[in-house]
Number of protein chains: 4
Amino acid sequence: MHQSAAELDGWWRVVGGVFSSDPARSREGGNALGFAADRCYGSLPELLDRERVRNDPVDAVAIMSPNDTHHPLAAAALDAGLDVVCDKPVAHDAAQARDLATRARRGGRLFAIAHGYSAYPMTRYARHLVRSGALGDLRYVQVEYVQSGLATRVEDAPSTNRLRWMLDPSRGGLSLVLGGIGCHAQHLACFVAGRRIGSVCADAGSVVPGRAFSDTVSALLRFEGGLRGTFCALYAAAGSENDIRLRVIGEKGLVEWSHRDASRLSVAMLNQGPRIATRGDADLPPEILALGRTPRGHPEGLREAFANLYGEVARERMSIALGATPPELPYPRIDDGVHTMAFIEACVASNGRWVDVER
Amino acid sequence: MHQSAAELDGWWRVVGGVFSSDPARSREGGNALGFAADRCYGSLPELLDRERVRNDPVDAVAIMSPNDTHHPLAAAALDAGLDVVCDKPVAHDAAQARDLATRARRGGRLFAIAHGYSAYPMTRYARHLVRSGALGDLRYVQVEYVQSGLATRVEDAPSTNRLRWMLDPSRGGLSLVLGGIGCHAQHLACFVAGRRIGSVCADAGSVVPGRAFSDTVSALLRFEGGLRGTFCALYAAAGSENDIRLRVIGEKGLVEWSHRDASRLSVAMLNQGPRIATRGDADLPPEILALGRTPRGHPEGLREAFANLYGEVARERMSIALGATPPELPYPRIDDGVHTMAFIEACVASNGRWVDVER
Amino acid sequence: MHQSAAELDGWWRVVGGVFSSDPARSREGGNALGFAADRCYGSLPELLDRERVRNDPVDAVAIMSPNDTHHPLAAAALDAGLDVVCDKPVAHDAAQARDLATRARRGGRLFAIAHGYSAYPMTRYARHLVRSGALGDLRYVQVEYVQSGLATRVEDAPSTNRLRWMLDPSRGGLSLVLGGIGCHAQHLACFVAGRRIGSVCADAGSVVPGRAFSDTVSALLRFEGGLRGTFCALYAAAGSENDIRLRVIGEKGLVEWSHRDASRLSVAMLNQGPRIATRGDADLPPEILALGRTPRGHPEGLREAFANLYGEVARERMSIALGATPPELPYPRIDDGVHTMAFIEACVASNGRWVDVER
Amino acid sequence: MHQSAAELDGWWRVVGGVFSSDPARSREGGNALGFAADRCYGSLPELLDRERVRNDPVDAVAIMSPNDTHHPLAAAALDAGLDVVCDKPVAHDAAQARDLATRARRGGRLFAIAHGYSAYPMTRYARHLVRSGALGDLRYVQVEYVQSGLATRVEDAPSTNRLRWMLDPSRGGLSLVLGGIGCHAQHLACFVAGRRIGSVCADAGSVVPGRAFSDTVSALLRFEGGLRGTFCALYAAAGSENDIRLRVIGEKGLVEWSHRDASRLSVAMLNQGPRIATRGDADLPPEILALGRTPRGHPEGLREAFANLYGEVARERMSIALGATPPELPYPRIDDGVHTMAFIEACVASNGRWVDVER
C-alpha cells in the first residue's frame, strides 16, 4: 500500500529497505519484492550506513514496523539526515514524541505521520469549510472509530496471529485501542476542526470480559478555546465494518463524514436539507479537486489518500531544496504526533475526571 | 397528532378536553375542533368534576401541556381514577415523578409516557434482538438526539414564540435540553438495551454563547450491570434535521437505528455485512409485523408509532377490566419516567464526575 | 387507511358505507367498525337511495372495491350527484374511463383517483421544480414500480387468497401489472413531468413461467412534445421491497425520488453534488411545507399523503359551494384516469412497436 | 491509472510506450514520465520493430488511444505476437472486432478489454450469486450508465477540448453514447447475468436539441434464453454524478449494485430485507475476498479493479507459458468485444423495432 501510494504520482521511488526484523528474512523478503540485492538491508542502521556512502542515497524512509520500534528507528533516520514517514502511534509516549520533534527540528527534517484519513479530498474539504468560516464558530465535534478487530478474544489465538505483538503493552503502547485506531479519530477531529484538544474526561477499559488491556475508550472533550465534543474508540464492536465518523457542528451548519463513504461529505446548513458534496464536483475549490486523480464518479480509495500525503512531503522537500518557501501543506507532522501522544496519556490518566492534555 | 393516533385503530375516541390554560379560549378552541360544547372544559378540575357525573365519563386523559403542569394535572387525573398518557418530562424532578408513580400504583391506574420512538416496529425489533439473545451479551450503547431547535437565539425572539415558555427553567424543568429531547434518547437506549442507567459522567452546558440555560449535554454512561455507553443531546446543532440515533453493540453483532429512517433497522453480525431489516419483511417475528398497518414498502410515520402506544394502554385497561392478566406490553410507564428524571438530576449534578443515578 | 386519511385534518367524516359485496356481511362489517346501523348498507344503490332522503346525506363516496366494480359504482355515485374518490384503475378500459369523465363533467362532480404517491410533499416539490423551470427543459424521465407480490405462483394458492380476484382478467382488468402497480408509476411520471405520454413501445409479458397473465411491462416512452423516457412495472421481482422510483432529468439538473424514502427528494444540478431536500426544510416553498403536519425530522407516511389528497377534494368542493373559484389543486382527476387507461391500452397493443396513446 | 493498476501487484512493469500520435511529442512525453529514452517510441510500428530485437522485449501492450485507432493498433500488436489490453470500444464495428478475435486466436494471444467495472469484488460477487444459483432462474435485468459529460453543448467548445475527437463519428465510432459509456453497462449486465443479449428494441437519439450525434440510447432487451431487461445509456444527464447501476432479479431474490458505492452489493432475498454485502466481509467466498487488497472498511477504487484485470491477464499468460491449464479467469475478452459491437450495431439499427444481435 505505502509503496504504491508513494509512487503513484511519480514523486517517490521505493528502492530498497528492511523487510523483517530478522536480517536474513529481510534480505530474502526484499529480493522477493524485486528490489536490488544491494539495497535489501538487514537492519535500519545498516541501511543508513550503506545508503550514506552511495552516490544515489535515499532521501527518506517510511517506517511501518511494530509500535515500539517507531521511536528508535525514526530517531536514527532523522539523525542520519533523512525525512521520515512514520506509522502511528509515533512513539510510546509524549516524551518520546517530543524527542522526535526536537530531532526533526534540529536537523531540518520532515516528519509525516500516516494518518491517511486526513488526506481524502472530502476530509480536506471539511477542513476547508471550517477554515473559510462557512460553518461559523464551531459548537460541537463528534468523532468515533468503531471496529471489530478485537471483538473476539484474539489474545487466545495462536501466538503467530499477526496482531499478537500489539497485545503486549510493552510493544503495543500505552493504550492498545488509542494507539491502534483511536489516534486516527483524534487526529482527524483536530485536523478538520483546526484546533487541539485541551482536556478530556475519559472512560477507558475493556468491554470483553477478562481482558488485560483496554479495547474501548469513550471521552468527553474540550478543545482549546472551549469547543465541546465527544470521542469513542471501540475496538471490540462485533458487526461494525471499520469506520471513522466525524461530525463538526458550527453556528451556521454542520459537516458529516464517514470513512465508509469517503468520497462524500454531507454539508447541511441551518434550515436546509444536506448537500452531498462529492469528490470531483466541478463546484469544489480547485485545491480540493486537485486531490483527486480520476473523473467524477470513479471510486478512489485509501491508496490515493496516502498518495496525497506522500506527494505533500515530496513537494515540501523539493521546495526547500530549491530554496523556495514551501506552500502550507496540511499533512500530519510530528507536532501532531506529540499532541496525539499527550491526548493518549490524558485519556489513560483520566478515569472519569477532567484531565488537561499537556501541551 | 395524539387524537388521530389514539383513534387510528378504534381503541379510543377523543370526546372533549381542555384546549387552553385560558378557560374561554379553551371552550372556543374545543368547539372549533368539533367537540361537543358540554365537553369543552375550562380547566382539568372542571373536566374531572363534570365527567365524573356523566353516565359516559372518559376513561383517560392525555396531557400535552407545558412541562410544569404535567405533575399537577397528572396527579389530579390519577386521583380522579383516570388513566393517563402524559408528555415528557413527566415532572419537574424525580421526587415529583415518584409521587406520580405512588398515586398510579395506589389507584391501580395506568400511566403511559409519550416516548413514541420506542413504539416503532423497528425499535421494538431492536429490543427483541437484545432480549432474544441474538446479539449476545451487550458491550456498548451509543445514543444521541441531535436537533437545531435552539441553534439560533430563540431567547431573543418575541415572547409569543411557541417555545418561549420552555426557556424559563421554572416552567421548562431542570434541564431544557434533557427535558425537551434528551429524555427521548435516554429512554430509547434503556428500552432497547433492557436496562437502566446506573451512573453518568456528564458535561452539561450551552454551546451558544451567552445563554442562560443548557442546550447541550454529553455523557459517559454506565448501565446497571456495568454496560458502557455514550449519550449526546444537542439542541443547538445548526443543520441537523432532528434525529435520534441508537447503536447497541453486543458480543455477536450490533443493531443501528436512526429516526430519519425509522422503518429500517440495520442488523450487523460479526464478520458479515449488515442486513437492513424493514417494517413489513415477512421474516420478522409476528409481534413485530403486527405493529404495522400497511403493506411492506408503504411508509408509516410517528403517528402510527403513537397509535401503537395508545393501543397498548387500551389493551391493558381492557384486560384488567375483563379480569384477565394483561400481556406484557412494553409502552413507557411512570417507572420509566422516574428513572428519566433521576437520570436528568444526575446529569445536571455530574459536572464531569461519575454520579450515581438514584434508583 | 382511507378513513383515517380522510378524517385526519377534519375535512371529512366517514359516516357509513358498503363493506362487502354480500349485503348481510356488509351490515355486520359496518357495525363492527362502529358505524350507525342505519348507514351500513347492503349495496351502493341502497346507499344512494337512502342517503338521498336523509337530511344529512353524504357528500361523496370513496370506492375501494375490486377493479371491475369501479366503473358501475362510480357511474352510479356520480349520477346520484356525489363526488367520488376512486381506487385505480378507474375502469376496465379507456372507453369506460371516458364515460366516467363525461358523467362527472355533466353533473359538475369531482372525481379523484387514489394515486397517493403524487400527494407526498416531496413529489409535489419535484413537480414544483419542473414547473418553476429550475430544471430547465426536460430531457429524460425514468420511472419504475418494482414489487414482489407476484414473484411466487400466487395463482396456485387457495382461492381465498386476498389477491385472487385480480388474477381473473375479467375482474383485474386489461393488464394485471399495469392496473395493479404500473398505473401509479405512469401517473407519477406524468404528474411530475407535467405532460402526458404520447406514444409507447412496450414489452408486456410474464417472467414467471407458465403464467396466463402479464406480470411485467417494460416500455420506451415518448411524452407529448417529444420528451423521451423509460418505464418498468415489475410485479414479480423477488426480493424487491415495493418501491416506486422516479428520475426526471432536465437541461440544468435532475430530481430523483424513491417511495422507500418518501420524505426526501434528491435534487442535483449540473456540476454539483446532490442536495437532499427533506420534508420540513425551512427553505422549501410554503405550499410544500403546508403539505406536512409534523415538525421536521418526524416521519410521515402514505396516510398523510392520502390526507392531502382528500383535503384537496374537500377544499375544491367547498370553494365551489361558496361560489368561489377554487385554487388549482393538483390531485389526480378522472382526465388523468382516462390517460392512464389509454396508456394501458397502448402498452398492451404495442408488442415491441411504437403505438400512440389515444388522446 | 493503467500504469499504476498494472504494476500494483507486481505482475507487470511498464517500460515504455507511445505517448502521443505526434512522434516528437510522444518521445518528450515518455521522457517526462521517466521512461528510458530508448523505449519512448514515435509510433506503435516503431515500438513493435524495436522491441522485437531487444533481449528484454515487452510482453504486451495496453492501448488507450482514440477509438478509431484501436483496431489498427491492436491488430498490429497481435500480429507482432503481443498480448493486448485495449480500451473500449475495441473497434469501429463488429466486423473489425471479429477480425481482432481471429488474429488473437490465430496467434494464441490474449486480448483483454478495459471494462474495469466487471473486476470489482462486488460485481464479481454478483456474478457468483447468479452462477451458484443463489438467485434461482433469472427473471429480469436492469442496467444503466448515466452521466453528464454531454449535458452541455461541448460540440460548441473550442476544438482543443479533450473530448472533441469523440464527437466526430469517424473517430468516435458508430454510437458516441454506446461506445463511450453504454458498452460498459451492456458488458456488466452480460457479465453478471452470464449470458449474451439476443435482441434489442432501442430508441437512440439526442436529447440535447440540434445535436448531430446520439447522446442517449434506451432499449428493451431480450437476453439469449429469453430473459427480459432494460438498458439506458444517458450521456446528457445534467446533475448525474457518473454512475452505472445494475439490478439482476431472479426467482429467489435480487442483487443491486451501483458504481457510486462500488464496494457494496445489496442482496435481497424473497420476503427479507436486503443484506449489504461489503468488500472484505469475512463470510464472502475466498475468491471474492482475494480480489481486495486492504482490510475491511478501507475504501478501494477503480484502480484496484483494473489491477484485478491486469493481474488475470498476467496469470493466464504465465500459466500458458508454464504449460499449465490456466484457471477460468473472467476478465473481458475479445469475444465479449465482438458481442458489444454487435449490440451497438443492433441498437443503432433498431429504431423502435426488435432487432437480433448478430452472433
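Residues numbered from 1 in each chain as written. Chains lettered and ligands numbered in written order. Predicted model: local features only at pLDDT ≥ 70, side-chain atom pairs only at ≥ 80, totals over all residues.

### Here we look at the sheet that holds strand β4 (residues 83–86) of chain B
In a beta sheet, neighbouring strands are held together by backbone hydrogen bonds and run either parallel or antiparallel to one another. Residues and elements named next belong to chain B. Heads up, the condition is: Pairing between strands requires that DSSP locate at least two bridges from one strand to the other. In this description a helix means any DSSP run of H or I spanning at least four residues, a strand means any run of E spanning at least two, and both kinds are numbered starting from the N terminus. Every angle, taken between N-to-C directions, lies between 0 and 180 degrees, and every axis is a line fitted to C-alpha atoms, over only the stretch in contact when it is a helix.
Here three strands make up an open sheet; going across it, the order is β3-β4-β5 and the pairing parallel. The outermost strands of the open sheet, each flanked by one partner alone, are β3 (60–63) and β5 (111–113). The mean inter-strand angle of the sheet, taken between neighbouring strand axes irrespective of direction, is 15°. Bridging between β3 and β4 involves four bridges; their strand directions are parallel. Looking at β4, one finds that Ile63 is bridged to Cys86.

### Quick word on the environment of Ala95 of chain C
Examined against the element boundaries, Ala95 of chain C turns out to sit in helix α5 (residues 94–107). For the pair Ala95 of chain C and Val338 of chain C, spaced 243 residues apart in sequence, the C-alpha separation works out to 8.0 Å.

### Some thoughts on the pairing of strand β10 (residues 243–250) of chain B
Residues and elements named next belong to chain B. Using the following cut-off: Residue burial here comes from a neighbour count, namely the number of other C-beta atoms, placed from the backbone, that lie within 10 Å of the residue's own C-beta, with 20 or more meaning buried, 12 or fewer meaning exposed, and in between meaning partly exposed.
Of all eight residues making up β10, six are buried, and the element is well covered by its neighbours. By the bridge criterion, eight bridges tie strand β6 (residues 138–146) to β10 in an arrangement that is antiparallel. Across the sheet, residue Leu138 finds its bridge partner in β10, namely Gly250. Here β10 runs beside strand β11 (residues 253–258); their pairing, made up of five bridges, is antiparallel. Residue pairing for β11: Arg247 is matched across the bridge by Glu256. The turn joining β10 and β11, which pair antiparallel and follow one another in sequence, is formed by two residues.

### A look at the packing of helix α8 (residues 176–193) of chain A against helix α11 (residues 334–350) of chain A
Residues and elements named next belong to chain A. Stated formally: When describing relative orientation, an angle under 35 degrees is termed roughly parallel and one over 145 degrees roughly antiparallel, while 65 to 115 degrees is termed roughly perpendicular and anything else oblique. Handedness of a crossing follows from how the near helix is turned relative to the far one, being left-handed for an anticlockwise turn of less than a right angle and right-handed for a clockwise one. Once C-beta atoms are placed from the backbone, any two residues with those atoms within 7 Å are in contact. Residues are sorted three ways: Asp, Glu, Lys and Arg are charged, Ala, Val, Leu, Ile, Met, Phe, Trp, Tyr, Cys and Pro are nonpolar, and all the rest, Gly among them, are polar.
Between α8 and α11, whose axes approach to 10 Å, the crossing angle comes to 120°. Here α8 lies oblique to α11, going by the angle between them. The element α8 and its partner α11 pack so that their crossing is right-handed. Counted together, Leu178, Gly179, Cys183, Gln186, His187 and Cys190 of α8 and Asp336, His339, Thr340, Phe343, Ile344 and Cys347 of α11 form the full contact between these two elements. For the contact of α8 with α11, a count of residues per class yields six nonpolar, five polar and one charged.

Fair warning: the whole summary comes from geometry, so function is off the table for now.
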